[in-house]
Amino acid sequence: DTEVTQTPKHLVMGMTNKKSLKCEQHMGHRAMYWYKQKAKKPPELMFVYSYEKLSINESVPSRFSPECPNSSLLNLHLHALQPEDSALYLCASSQAIGVLTEAFFGQGTRLTVV
Amino acid sequence: AQKITQTQPGMFVQEKEAVTLDCTYDTSDPSYGLFWYKQPSSGEMIFLIYQGSYDQQNATEGRYSLNFQKARKSANLVISASQLGDSAMYFCAMREGRTGNQFYFGTGTSLTVIP
């Protein structure tokens, strides 16, 4: 099973709303990632969790708040977003540091901020 | 400096023909992994093929092969017998031993297969 499951697939939210994106994997991977992707651009790294600890935060605004409740789950809490935050949000997982194998991605959440 | 460079923003190929998508990389780390991903318009990022820096042979996965030229720091993807379903964005990526959990992506190549 090489599946990473993201919910929801689509999300429309107002600038004052609070919402969460969810990601789940059961491959035993100990590194999990959040990426933001604009149309026709490569994914931009936002956060990396390694062994359930935040290891990389790419200077993401505090209106994005990640959480890793356990080794299988990754959440991204959204609050007071701006229209420019509209994008495809991708979750990924991989074996953790020391093993240079591939990351598997979820289908993404298409977020629209109105 | 760019870690991954893809110089072909868009490519066209006739159905059933082979196509090569270019990728060059930049690293001083002796240990690294190179990857190709396909992203259809649906948005999902699909892993295609992996090449390790110490691998002696070029990686192959079905119709995909990776032309790994270590001295030239290139990792081109070859798709044989193109199909209409191959139309998508293709991203080359790298993961270094030193930085571990960071994947570096190129800017992508948009491939269109013509019937």
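For the structure itself, look to the data block above.
Let me sum up the structure you'll find in this document. On a predicted model such as this, the values are computed, not experimentally measured, just so you know. In this numbering scheme, every chain counts its residues from 1 along its sequence in written order. Think of it this way: whatever chain is written first is A, whatever ligand is written first is 1, and the rest follow in order. Side-chain atom pairs in this predicted model are given and counted only at pLDDT of 80 or more, local residue features only at pLDDT of at least 70, and totals for whole chains, interfaces and linings cover all residues. Computation of side-chain values: all heavy atoms of the structure, hydrogens and water removed.

### Considerations on the layout of surface pockets
A 1.4 Å probe that fits into a set of points on a 1 Å grid over the protein atoms alone but cannot get out defines a cavity; an open set with protein on both sides within 12 Å along at least five of seven lines defines a pocket, and lining residues are those with an atom within 4 Å of a point. Grid points are joined across faces, edges and corners, and a volume is the space filled by probe spheres set on the points. Within this model, the largest pocket holds a volume of roughly 340 Å³. If you go around the largest pocket, you meet 16 residues; those closest to its centre are Ala39(A), Lys40(A), Gln39(B), Pro40(B) and Ser41(B). Helix and strand assignments come from DSSP, with helices taken as H or I runs of at least 4 residues and strands as E runs of at least 2, each series counted from the N terminus. Ranked by residues supplied to the lining of the largest pocket, first place goes to strand S10 (residues 88-96) of chain B with three residues. Residues are grouped as follows: Ala, Val, Leu, Ile, Met, Phe, Trp, Tyr, Cys and Pro are nonpolar; Asp, Glu, Lys and Arg are charged; every other residue, Gly included, is polar. Counted by class, the lining of the largest pocket contains six nonpolar, six polar and four charged residues. Of the voids in this model, the second largest pocket is the one considered here, and its volume is about 250 Å³.

### Here we look at the pattern of salt bridges
Residues and elements named next belong to chain A. What makes a salt bridge here is a side-chain nitrogen of Lys or Arg within 4 Å of a carboxyl oxygen of Asp or Glu, nothing more. Inspection of every chain in the model, using the stated rule, returns five salt bridges over all chains. The closest approach of N and O atoms between arginine 30 and glutamate 52, which form a salt bridge, is 2.9 Å. Placement of the pair is arginine 30 in the loop between strand S3 (18-25) and strand S4 (31-37) and glutamate 52 in the loop between strand S5 (44-50) and strand S6 (53-57), with a sequence separation of 22 residues. Classification of arginine 30 as partly exposed rests on a relative accessible area of 29%. Note on glutamate 52: relative accessible area 29%, which makes it partly exposed. Per-residue accessibility, obtained with a 1.4 Å probe over protein chains only, is compared with the maximum for each type, and a residue is labelled buried under 20%, exposed over 50%, and partly exposed between these values.

### Some thoughts on the nonpolar core
Membership of the largest hydrophobic core comes to 25 residues, with the highest contact counts inside it found for Tyr25(B), Trp36(B), Ile49(B), Leu77(B), Tyr90(B) and Leu111(B). Elements represented by at least two residues in this core include exactly strand S3 (19-21), strand S5 (32-39), strand S6 (46-52), strand S8 (64-69), strand S9 (74-79), S10 and strand S12 (109-114) of chain B. With four residues, S10(B) is the single largest residue contributor to this core. Among the nonpolar cores identified, the runner-up in size contains 24 residues, and Met32(A), Met46(A), Leu78(A) and Ala87(A) belong to it. Side-chain atoms within 4.5 Å link the members of a nonpolar core, which is a set of buried Ala, Val, Leu, Ile, Met, Phe, Trp, Tyr and Cys residues.

### A look at the interface of chain A and chain B
On the side of chain B, 25 residues touch chain A, which itself brings 29 residues to the contact. Across the chain A/chain B interface, buried area totals approximately 2,000 Å², and carbon plus sulfur atoms make up 57% of it. Defined in terms of a 1.4 Å probe, buried area is the accessible area two parts forfeit on being brought together, summed over both. Three residues, Leu100(A), Glu102(A) and Phe105(A), lead the burial of chain A against chain B; their summed loss comes to 31% of the area buried on that side. Taken together, the connections running from chain A to chain B amount to zero salt bridges. Pairs of N or O atoms within 3.5 Å make up the polar contacts considered here, provided that, within protein, one atom can donate a hydrogen while the other can accept it, and that residues adjacent in sequence are counted only when both atoms are side-chain atoms. Seen at the junction of chain A and chain B, the total is nine residue pairs in polar contact (both at pLDDT 80 or more). The set of elements that each furnish at least two residues to the side of chain A that touches chain B consists of S4, S5, strand S9 (87-94) and strand S10 (103-105) of chain A. Sorting elements by how many residues they give to the side of chain A that touches chain B places S4(A) first, with four residues. Class assignment for the residues of the side of chain A that touches chain B results in 17 nonpolar, seven polar and five charged. When checking whether two residues touch, look at their non-hydrogen atoms; a contact exists if any pair is within 4.5 Å.

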